[in-house]
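The residues making up each chain are set out below.
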2 protein chains.
Amino acid sequence: MSIRVGIFGYGNLGRGVEAAIAQNPDMELVTVFTRRDPASLKLRTPGVTATAAEKAAEMADQIDVMIICGGSATDLPVQTPLLAKCFNVVDSFDTHARIPEHFACVDTAAREGGKVAMISVGWDPGMFSLNRLLGEAILPQGKTYTFWGKGVSQGHSDAIRRLEGVADARQYTIPVEAALEAVRAGENPELTTRQKHLRECFVVAKEGADLARIEKEIKEMPNYFADYDTTVHFISAEELQRDHSGIPHGGFVIRSGKTGMHLENDHIIEYSLKLDSNPEFTSSVLVAYARAAYRMSCEGMCGCKTVFDVPPAYLSPKTGAELRKELL
Amino acid sequence: MSIRVGIFGYGNLGRGVEAAIAQNPDMELVTVFTRRDPASLKLRTPGVTATAAEKAAEMADQIDVMIICGGSATDLPVQTPLLAKCFNVVDSFDTHARIPEHFACVDTAAREGGKVAMISVGWDPGMFSLNRLLGEAILPQGKTYTFWGKGVSQGHSDAIRRLEGVADARQYTIPVEAALEAVRAGENPELTTRQKHLRECFVVAKEGADLARIEKEIKEMPNYFADYDTTVHFISAEELQRDHSGIPHGGFVIRSGKTGMHLENDHIIEYSLKLDSNPEFTSSVLVAYARAAYRMSCEGMCGCKTVFDVPPAYLSPKTGAELRKELL
């Protein structure tokens, strides 16, 4: 009996979840819920059609777990609590500062519905959070570093696009190699924002735009660029399309810690990701945690959960005995 | 109220656990059980004295969790089932092929005693196993690689020491850099034993020993060296003591996988450890899982568990709310 999955929202993330479900023989896609006209949505899974978002509740008994693929700014704070009343759900809420608030709100809804709601699943928050926790639990005397990139930041790309004279833009966040090396060497450096990451921008200017002004406005933009060493390259629309149309990302979580009665021994734990497609990797994590959410629900659990609450065995389709024999 | 911990066995691992407990303010060391004369054991924790191993059972109500620090070959298969009848226990059983058998045996004992018994905790098995599971659960279309080193292999060092004419020896297992790079590049290579690891040996020969014969015997030793590119260096006892008295180790677990409807995107997940002291790091993992074992027992669970069964939050002294706010 496969796990019956619904997808709520069909952007990059929803499409990634669809692809990930196809890789997991114990899961099947029931439908994709959309706020657009369902007839306009061409899914890539044979035999599956889209359904209007407002019909979701009617299908509660046909779906074991719903993967909510909306954005964190306005979609998920509304959708996750609402859907958690009728479905086991998983979301990728990634506004770190608002996680406690989202958790409380989703927890109330999920308990009301007797469902499991897994929030903030992906790689950061998600796998990176897990490694931050493991690192400090194992090496309490130490320091944790998170670096992001090299990868595309949608928020920073958008900020550039809003400038006058800019037709299109792509921004890469890049960890500073020297900082990474100092951390790996166990030096436990104190790093400023500027010392941790670089920002590299590829900008397509509108005809006749003042390039010097655009570059200056980017580099001086508060919060987004002012605190970083930023480089700006002006390129053609064709070059942007040819060389920068992917959505790669990745990063590093490094725990540097000491052990021994006199803290005489150094240890480095490093977790890193190098991703061709940020949304497809996030989707793959969502699908593994959807399996866990369903299983935890089957065992009678309910309420809001995060990656911190999930026994790893629940993520795998293998039995406990298989896992111990093959992977332990 | 701190978690009251007992240590069973006081070799490198037991000493490492003692040091790790000192780093965790929510835990306190009650005593170290030893088969030696307890009076002969000088502990490094102020106010704590050793106790004869046979008196362990009498202290069952004074200890919340026992960390068993014996060897996998002969100690743990006997000690863990025996102790799991009266204590929550954690061990580092690392004979991979015999884990299912050890699990079954410990599970029976722990259920009989109503205790939680956490086996095969450390980094491999342990953290590496966890990353093998996570990697294949997230990226089911892919390949997992484990590399060990650079680090000291006690078993290989011992094998050299048994040769005629050898006074002492230290063997390092070293991952082949080219193999690591091919894996990181997403090439998914099929690697032979020889292509994955090198073996480097530092040997102190007895006076007048036939060095050429020793080198040949090492390089041709079946299982241990014959399948590897092995280098042998003859050095003095002083050099061995000066340059090779540490017990460093480490390694890499790399998952290389593909996503997308046409598997068009590559992803690399890499987890690595660089450890100055193999036993002290293993001990630090044992102590974090001892915290989890105790908590799971408090919640009424019992039976044999592995790292696959532990919700990560149980490893940290922080509350769920703190973890979500600070680390998610």
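Everything below is about the structure shown above.
This write-up is about the structure you can find in this document. (Residues numbered from 1 in each chain as written. Chains lettered and ligands numbered in written order. Predicted model: local features only at pLDDT ≥ 70, side-chain atom pairs only at ≥ 80, totals over all residues. Heavy atoms only, no water.)

## Quick word on the environment of G47 of chain A
Stated formally: Each helix is a run of DSSP H or I of at least 4 residues and each strand a run of E of at least 2, with the numbering of both proceeding from the N terminus.
Inspection of the secondary structure puts G47 of chain A in the loop between β2 (27-34) and β3 (50-52). Sequence spacing of G47 of chain A and Y294 of chain A is 247 residues, and the spatial spacing of their C-alpha atoms is 24 Å.

## Some points on the sheet that holds strand β9 (residues 166-175) of chain B
All names here are of chain B. Here is the rule we go by: DSSP-based pairing: two strands are paired if at least 2 bridges between them are found. Contacts between residues were defined by any pair of non-hydrogen atoms, one from each residue, lying within 4.5 Å. Here the axes come from fitting lines to C-alpha atoms, over the contacting stretch only for helices, and the angles between their N-to-C directions go from 0 to 180 degrees.
Overall, mixed pairing links the four strands, which are arranged β8-β9-β10-β11 in an open sheet. In this open sheet, the two edge strands, each paired with only one partner strand, are β8 (151-152) and β11 (229-234). Note: β9 against strand β10 (residues 197-205), nine bridges, orientation antiparallel. Its bridge partner lying in β10, Y172 is registered against E200. Taken strand by strand, helix α8 (residues 211-219) contacts β9, β10 and β11, and its axis lies near 150 degrees from that of β11.

## A word on the interface of chain B and chain A
Definition in use: Buried area is calculated as the accessible area (1.4 Å probe) missing from two parts once they are joined, with the contributions of both summed. Whenever a carboxyl oxygen of Asp or Glu lies within 4 Å of a side-chain nitrogen of Lys or Arg, that contact is scored as a salt bridge. For the purposes of these results, a polar contact is taken to be a pair of N or O atoms within 3.5 Å, where, inside protein, one atom must be able to donate a hydrogen and its partner to accept one; residues adjacent in sequence count only when each atom of the pair is a side-chain atom.
If you look at the interface, chain B gives 68 residues, while chain A gives 68 residues. Summed over both sides, the interface of chain B with chain A buries roughly 5,900 Å², with 63% coming from carbon and sulfur. At the junction of chain B with chain A, the criterion picks out two salt bridges. The partner of K318 of chain A in a salt bridge is E136 of chain B, with the nearest N and O atoms 2.8 Å apart. For the pair chain B and chain A, the interface holds 28 residue pairs in polar contact (both at pLDDT 80 or more). Of all the elements in the fold, those that place two or more residues in the side of chain B that touches chain A are α1 (12-22), α3 (99-113), α4 (127-138), β12 (249-259), β13 (265-275), α10 (278-298) and α11 (320-326) of chain B. Per-element accounting of the side of chain B that touches chain A gives the leading share, 11 residues, to β13 of chain B. Where strand β13 (residues 265-275) of chain A and β13 of chain B come together, nine bridges link them in antiparallel fashion.

## Side note on the nonpolar core
Within soluble globular proteins, side chains that are nonpolar tend to cluster in buried spots. This is how it is decided: Residues enter a nonpolar core if they are buried and are Ala, Val, Leu, Ile, Met, Phe, Trp, Tyr or Cys, with the set joined through side-chain atoms within 4.5 Å. In this scheme, a residue with accessible area under 20% of its type's maximum is buried, one over 50% is exposed, and one in between is partly exposed, where area comes from a 1.4 Å probe on protein chains only.
Counting 154 residues, the largest nonpolar core has Y289 of chain A together with Y289 of chain B as its most contacted members. When residues no more than four places from it in sequence are discounted, the contact partners of Y289 of chain A are V90, M118, V121, M127, L130, V307, V310 and L315 of chain A.

## Thoughts on the packing of helix α2 (residues 76-84) of chain B against α3 of chain B
All names here are of chain B. Our working rule: Angle categories are assigned with fixed cut-offs, so that under 35 degrees is roughly parallel, over 145 is roughly antiparallel, 65 to 115 is roughly perpendicular, and the rest are oblique. Should the near helix be turned anticlockwise from the far one by less than a right angle, the crossing is left-handed, and should it be turned clockwise, the crossing is right-handed. Only Asp, Glu, Lys and Arg are considered charged, only Ala, Val, Leu, Ile, Met, Phe, Trp, Tyr, Cys and Pro nonpolar, and every remaining residue, Gly among them, polar.
Packing of α2 against α3 leaves a shortest axis separation of 7 Å and a crossing angle of 20 degrees. With respect to α3, the element α2 is oriented roughly parallel. Classified by chirality, the crossing of α3 by α2 is right-handed. Every residue of α3 that contacts α2 at L76, P77, T80, P81 and A84 is listed here: H102, C105, V106, A109 and A110. Split into classes, the residues belonging to the contact of α2 with α3 amount to eight nonpolar, two polar and no charged.

In short, geometric facts, not functional conclusions.
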